Amino acid sequence: MSKEKFSDSVSILLELLEVSIHCILYARKIYPEGIFELKKKYNVPVHVSIYPKLNLYINGVLNAVKSLLKLKKIRKLDVCFYNKTGVIVERFVFNIHNVELELNLSDFSNVRDPYLVKLEQMLRAFCLKLTVCDSLLKPLPSSCTFQIHIHTTETNSIEIQKDTEEFPLIPSEKRDIILTSPAVVPLRSIDCEHLNLEIYAEEGNKDEDPDLFTPSPLI
């Protein structure tokens, strides 16, 4: 792997987010299986959407994330699922602690993972965890929808407007992001010189809404 790859943390994280979003949508069964096809990422078979409108939305989100990552102005990304009344019932959280845009490679011996072998192992393990995440979580409600939320500031969203003209960022309403008394399901932590993030899922409290997790007919 060339030295240029060491500093390409943004591309590594963007690919991880893209693969993860597709895997999550497949695993949580809110779309028919027929809109996904198998591809190999990190030497693991994963399901990737071939539905143009869905992919356009995901790519728009990732483009905004890319601009914010370069500014180091993004804290989290959430993949949120809502029941038919618009109440959030579950979300996958990517808590981004650190993304190094440049690494000092003058002392090669101090790089813990010079060929990114350990990083690829972590990414592979996470993808495998996502393929079975449905066994760790309750079935989603029928007629479930999803949104992707980017955690940043209004100032930062204005700052990247030129990069997101075709996919403008819209501030979320409070009800769209509040998940009351969620149960946390840890998924994976990824920690290396240039990338540090924590990934987990949160489930809503069905005691507050008995119909929150009515099984979907797709399951």
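Conventions we followed
Every chain is numbered independently, its residues counted from 1 as its sequence is written. The model is predicted, so local features are restricted to residues of pLDDT at least 70 and side-chain atom pairs to those at 80 or more, both for listing and for counting; the totals for chains, interfaces and linings are taken over all residues. Water and hydrogen atoms were dropped before computing side-chain values, which therefore reflect all heavy atoms in the structure. Helix and strand definitions follow DSSP, with helices as H or I runs of at least four residues and strands as E runs of at least two, each counted in order from the N terminus. Residue exposure (1.4 Å probe, protein chains only): buried if accessible area is under 20% of the type maximum, exposed if over 50%, otherwise partly exposed. Between two residues, a contact is recorded if the distance between any of their heavy atoms is within 4.5 Å. Note on areas: Shrake-Rupley, 1.4 Å probe, and residue coverage restricted to the protein chains presented here. The length a helix should cover is 1.5 Å for every residue beyond the first.

An unreviewed UniProt entry annotates the protein as Mitotic spindle assembly checkpoint protein MAD2B of Melanaphis sacchari.

**Remarks on the overall build of the protein**
What the protein contains, in helices and strands, is 5 helices and 7 strands. Secondary structure elements in the protein, listed N-terminal to C-terminal, are α-β-β-α-β-β-α-β-α-α-β-β. In the protein, which comprises 219 residues, the proportion classed as buried is 44%. Put simply, of all contacts in the protein between residues at least 6 apart along the chain, 74% involve residues at least 24 apart. Surface summary for the protein: the accessible area is close to 11800 Å², and the carbon and sulfur share equals 51%.

**Considerations on helix 2 (residues 52–71)**
With 20 residues, helix 2 extends 29 Å from end C-alpha to end C-alpha; this agrees with the ideal 28 Å at 1.5 Å per step. The complete set of buried residues in helix 2 reads Leu-54, Asn-55, Ile-58, Gly-60, Val-61, Leu-62, Ala-64, Val-65, Ser-67, Leu-68 and Leu-69. Packed against the buried residues of helix 2 are helix 1 (9–27), strand 2 (44–49), strand 3 (76–82), strand 4 (88–99), strand 5 (145–151) and helix 4 (154–159). Directly after helix 2, the chain includes Lys-72, whose backbone phi takes a positive value near 55°.

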